Amino acid sequence: MSDYKDSATKKLRNTKNVTGSEAILLSFLEEGVSTLFGYPGGAIMPFYDTLHQYDGCFRHILTRHEQGAIHAAQGYARVTRKTGVCLTTSGPGATNILTGLADAYMDSTPLVCITGQVISSLVGTDAFQETDILTMSMAVTKWNTQVTKAEDIPEIMAKAFYIANSGRPGPVLIDFTKDVFSSKMSFDYESCTSLRTYIPKFQALPEQVDKAARWINTAARPMLLFGQGIILSKAEEELKLFVERSGMPAASTLLGLSALPVSHPLYMGMLGMHGNYAPNIMTGETDLVIAIGMRFDDRVTSTVSTYLRQARIIHVDIDPTELGKNMDTDLEVEADAKSFIHSILPLLENNDHSDWIAGFMLKLQEEQKEVFQKDLHPVDGKIQMGEAITKVAHSAGDQAIVITDVGQHQMKAARYFPFASPRTFVTSGGLGTMGFGLPAAIGAQLGCPDKKVVAFTGDGGLQMTMQELVTIAQEELPVKIIVLNNGYLGMVRQWQELFFDSRYASTKLKNPDFVKLAEACGIKADRVNEREDLDTKVEAAFAYPGAFLLEVVVENEENVFPMVPPGAAVTDMILK
Amino acid sequence: MTTLAQDRVGLLSRVAMVFSRRGINIESLKVAESAMKGIAAISMVVLTDARTIKQIVKQLEKQVEVLQAFSAEQPDISKQIENHIQYAS
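Residues numbered from 1 in each chain as written. Chains lettered and ligands numbered in written order. Predicted model: local features only at pLDDT ≥ 70, side-chain atom pairs only at ≥ 80, totals over all residues.

## Some details on the overall build of chain B
Thinking step 1. The secondary structure content of chain B amounts to 3 helices and 4 strands.
Thinking step 2. In chain B, the succession of α and β elements from N to C terminus is β-α-β-β-α-β-α.
Thinking step 3. Against the 2.2 N^0.38 benchmark of 12 Å for 89 residues, chain B shows a C-alpha radius of gyration of 15 Å, more extended than a compact globule.
Thinking step 4. Over its C-alpha atoms, taken along the principal directions, chain B stretches across nearly 50 × 25 × 20 Å.
Thinking step 5. When the 89 residues of chain B are sorted by exposure, 21% land in the buried category.
Thinking step 6. Sequence-distant contacts in chain B: of pairs separated by 6 or more residues, those separated by 24 or more amount to 60%. (Helix = DSSP H or I, 4+ residues; strand = E, 2+ residues; numbered from the N terminus. Rg over C-alpha atoms; globule rule 2.2 N^0.38 Å. Buried ≥ 20, exposed ≤ 12 C-beta atoms within 10 Å, placed from the backbone. Contact = placed C-beta atoms within 7 Å.)

Below is the structure:
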């Protein structure tokens, strides 16, 4: 980073008379940004021209679609905890990032997205490639604004980065009219650290912490539910201390995965519709739940009126709108996860809940017998997704970063990958965006160049953003892409089988030859059909130094179990 | 309910969005400069239940431009008015 900054500073001796484009680049440097994801076009061309002159100061990744650019920026942000930056032009360039904005908004991902806009005098006239992106993006951004005067750039950029990555993080969009890029201004940057109308609350009230500690210390069957708030506040170490001190079993949401190692003795698995059996079933027996940095999403609670009826609930979240939104709870605590755990730790008594945990173990055994055995150690038939995932985990190692797309393979990867360190799982949770995986892997690999990055995707999701294979080749990123090909839109097909009398409406896919496709894009590839070849082919993919696409032809009509059927209570989860 | 927020282009859209997203119609609306410089006061009347209002106040305050939002409840008097009209006629 400092190299980038030094070379930029050399080029810019005088910051008193710079163009708007230069001011944006200087703002990036002030915020420590050197990796940009984007796609040029008419309205943003002056900015790209300046970027070209600053060759060597920034690494710009040219994706093959704007949606790819924003998902890549999301992948980058999720593995680094920094703000991802995405650049697109006006009109279609801007509308193409809406899905990514909505995804980042749901999953609390800090982004600053720059869009070009037609020149100020043409705004509102339906000019070529004009769209009202401010109104369009309002519902899916934490904040958005338009810049029509170059002198406003430093203040607005500082504000954008502050808003994006403070409190509950989220995406910010700044729309620049084209004339701003070439207008001259004097650059003077001051980081933003507070705003009059936006003050995230970090500390819990002491009386709330006291009450929570009292309840935890006296509970007979307490349970911790944690979400991405742990990762976003970097509270992984505190979380470990919390569960170890209180002795309480802990379960994660989909986005909380990797905050606590899967191997931790107090980690009971994943919550939700396709989560683990024990943590879901035991929500019907617990007497106290403390939920930290999660939002009681309907995929976790199922029918909310049936969830945790017998338990006292403490809900800790930095976003006050989440408190009481989906669940009425007994203690609402508006606080940052890290700060909350930090303040409650000294008040917790050392406790042992081994009798209560033994109940979880019994449920785990049931799941092992009914589900794991079939998923991970099948004796005949086609390859199962679960066995492919565990084989990949073996070759990639538990420190690898796992990216998924959306669907059956996503749930299987979430269930079976042995996450061992924080920020190693990136997936589209709240929005469930098919096509997220491949571009997100680009960002993740750029964010963590020294780590192995594995992208699991399905045959359906891959085809939504498969043009980004070319980006991976152009940028020479050693991403391993594992396509679990079942020839169906598998999750939809599963629902059709179970709830629509097996009427497979528009879910069967005629797929391209993924191996030839990858090779045409400049990526080495192979296919595995037979179980006996799985080990050697996965090992070969990981032994290869560059990007590799391995298509694993899996069972066509495999289902994801356990499952909470729609409309049922979580405690009615089924194993088959 | 009243919302105090930084006066800028698009503010009303952001505030209105919080209501429209929940399918709530704004019965009446007034936007005026508040006693604080640069801060507009938006007063609205909506018909909904107390739980929703609590959520809406929080959602309004979540908007970056909003300084403060608060609500005052008015019991539903439509029935009484109806009765009164019937009685009067």
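## Notes on the overall build of chain A
Thinking step 1. Across its full length, chain A holds 24 helices and 20 strands.
Thinking step 2. Its C-alpha radius of gyration of 24 Å places chain A within 12% of the 25 Å reference for a compact globule of 576 residues.
Thinking step 3. Considered along the principal axes of its C-alpha atoms, chain A spans approximately 70 × 60 × 45 Å.
Thinking step 4. Within chain A, the proportion of its 576 residues that are buried is 54%.
Thinking step 5. Contacts in chain A between residues at least 24 apart in sequence constitute 77% of all its contacts with a sequence separation of at least 6.

## Points about unusual backbone geometry
Residues and elements named next belong to chain A.
Thinking step 1. Going from F561 to P562, the amide bond is cis rather than trans, its omega being 0 degrees.
Thinking step 2. Structurally, P562 is set in the segment after β20 (548-553).
Thinking step 3. Of note, S506 is a non-glycine position whose phi angle comes to about 55 degrees, a positive value.

## Some remarks on the confidence of the model for chain B
Thinking step 1. Looking at chain B, pLDDT values average 89 and 91% of them are 70 or higher.
Thinking step 2. What the predictor reports for the complex is a pTM of 0.96 with an ipTM of 0.90. (pLDDT = per-residue confidence, 0-100.)

## Examining the sheet that holds strand β12 (residues 288-292) of chain A
All names here are of chain A.
Thinking step 1. The strand order across the open sheet built from 6 strands is β11-β10-β9-β12-β13-β14, with neighbouring strands paired in parallel fashion. Edge positions in the open sheet fall to β11 (267-270) and β14 (331-334), since each of these has one partner strand only. Adjacent strand axes in the sheet meet at a mean angle of 15 degrees when their direction is disregarded.
Thinking step 2. As defined by bridge partners, β12 adjoins strand β13 (residues 312-317) across 5 bridges and the pair is classed as parallel. (Pairing = 2+ DSSP bridges. Axes fitted to C-alpha atoms, helices over the stretch in contact; angles between N-to-C directions.)

## Regarding the interface of chain B and chain A
Thinking step 1. Facing the 15 residues of chain B at the interface are 13 residues of chain A.
Thinking step 2. Elements represented by at least two residues in the side of chain B that touches chain A include exactly β1 (2-6), α1 (11-20), α2 (50-62) and β4 (66-70) of chain B.
Thinking step 3. A total of 4 residues in the side of chain B that touches chain A trace back to one element, the largest contributor, which is α2 of chain B.
Thinking step 4. Looking at the side of chain B that touches chain A residue by residue, the class counts come to 5 nonpolar, 5 polar and 5 charged. (Nonpolar A, V, L, I, M, F, W, Y, C, P; charged D, E, K, R; others polar.)

## As for the packing of helix α2 (residues 20-30) of chain A against helix α8 (residues 153-164) of chain A
To describe two helices that pack against each other, one gives the angle between their axes and the distance between the axes.
Residue and element names in this part refer to chain A.
Thinking step 1. Orientation of α2 relative to α8, taken along the N-to-C sense of each, is 35 degrees, at an axis distance of 10 Å. For the pair α2 and α8, the sense of crossing is right-handed. For the pair α2 and α8, contact is made by G20, A23, I24 and S27 and by I153, P154 and M157, respectively.
Thinking step 2. Taken together, the residues of the contact of α2 with α8 break down into 5 nonpolar, 2 polar and no charged. (Left-handed = near helix turned anticlockwise from the far one by under 90°.)

## What to know about the environment of K234 of chain A
All names here are of chain A.
Thinking step 1. Turning to its location among the elements, K234 is positioned in the loop between α11 (229-232) and α12 (236-246).
Thinking step 2. In this structure K234 comes out as partly exposed when scored by C-beta crowding, with 15 C-beta atoms within 10 Å.
Thinking step 3. It is 8.5 Å that separates the C-alpha atoms of K234 and A337, two residues lying 103 residues apart in sequence.
Thinking step 4. Excluding anything up to four places from it in sequence, K234 contacts R81 and K338.

## Things to note about the domain arrangement of chain A
Residues and elements named next belong to chain A.
Thinking step 1. Annotation of chain A at the domain level lists domain 1 (2-185), domain 2 (206-360) and domain 3 (378-553).
Thinking step 2. Relative to domain 2, the C-alpha centre of domain 1 lies at a distance of 37 Å.
Thinking step 3. If you look at the interface, domain 1 gives 6 residues, while domain 2 gives 6 residues.
Thinking step 4. By residue class, the composition of the side of domain 1 that touches domain 2 is 1 nonpolar, 2 polar and 3 charged. (Domains from an automatic or database assignment.)

## Concerning the sheet that holds β4 of chain B
In a beta sheet, neighbouring strands are held together by backbone hydrogen bonds and run either parallel or antiparallel to one another.
Residues and elements named next belong to chain B.
Thinking step 1. The 4 strands are arranged β2-β3-β1-β4 in an open sheet whose pairing can be described as antiparallel. The open sheet has two edge strands, β2 (26-33) and β4, and neither has a second partner. For this sheet, the mean angle separating the axes of adjacent strands, direction not counted, is 15 degrees.
Thinking step 2. When β2 meets strand β3 (residues 39-46), the two strands line up antiparallel, connected through 7 bridges. From the neighbouring strand, I26 faces β3, where its bridge partner is V46.

## Thoughts on helix α4 (residues 66-80) of chain A
Because each turn of an α-helix spans 3.6 residues, side chains separated by three or four positions end up pointing in the same direction.
Residue and element names in this part refer to chain A.
Thinking step 1. Here α4 is 15 residues long and its end C-alpha atoms lie 21 Å apart, about the 21 Å a rise of 1.5 Å per residue gives.
Thinking step 2. Counting buried positions along α4 gives 14 out of 15 residues, so the element sits mostly inside the fold.
Thinking step 3. R81, located one to two residues past α4, shows a positive phi value of around 65 degrees. (Expected span 1.5 Å × (residues − 1).)

## Some thoughts on the packing of helix α17 (residues 385-396) of chain A against helix α24 (residues 531-543) of chain A
All names here are of chain A.
Thinking step 1. Look at α17 against α24: their axes get within 9 Å of each other, and the N-to-C directions meet at 40 degrees. It follows from the interaxial angle that α17 and α24 lie oblique. Note that α17 runs across α24; the crossing there is right-handed. Facing α17, whose interface residues are A388, K391, V392, S395 and A396, α24 presents L534, D535, V538, E539 and F542.
Thinking step 2. A class-by-class count of the residues in the contact of α17 with α24 yields 6 nonpolar, 1 polar and 3 charged. (Parallel < 35°, antiparallel > 145°, perpendicular 65-115°, else oblique.)

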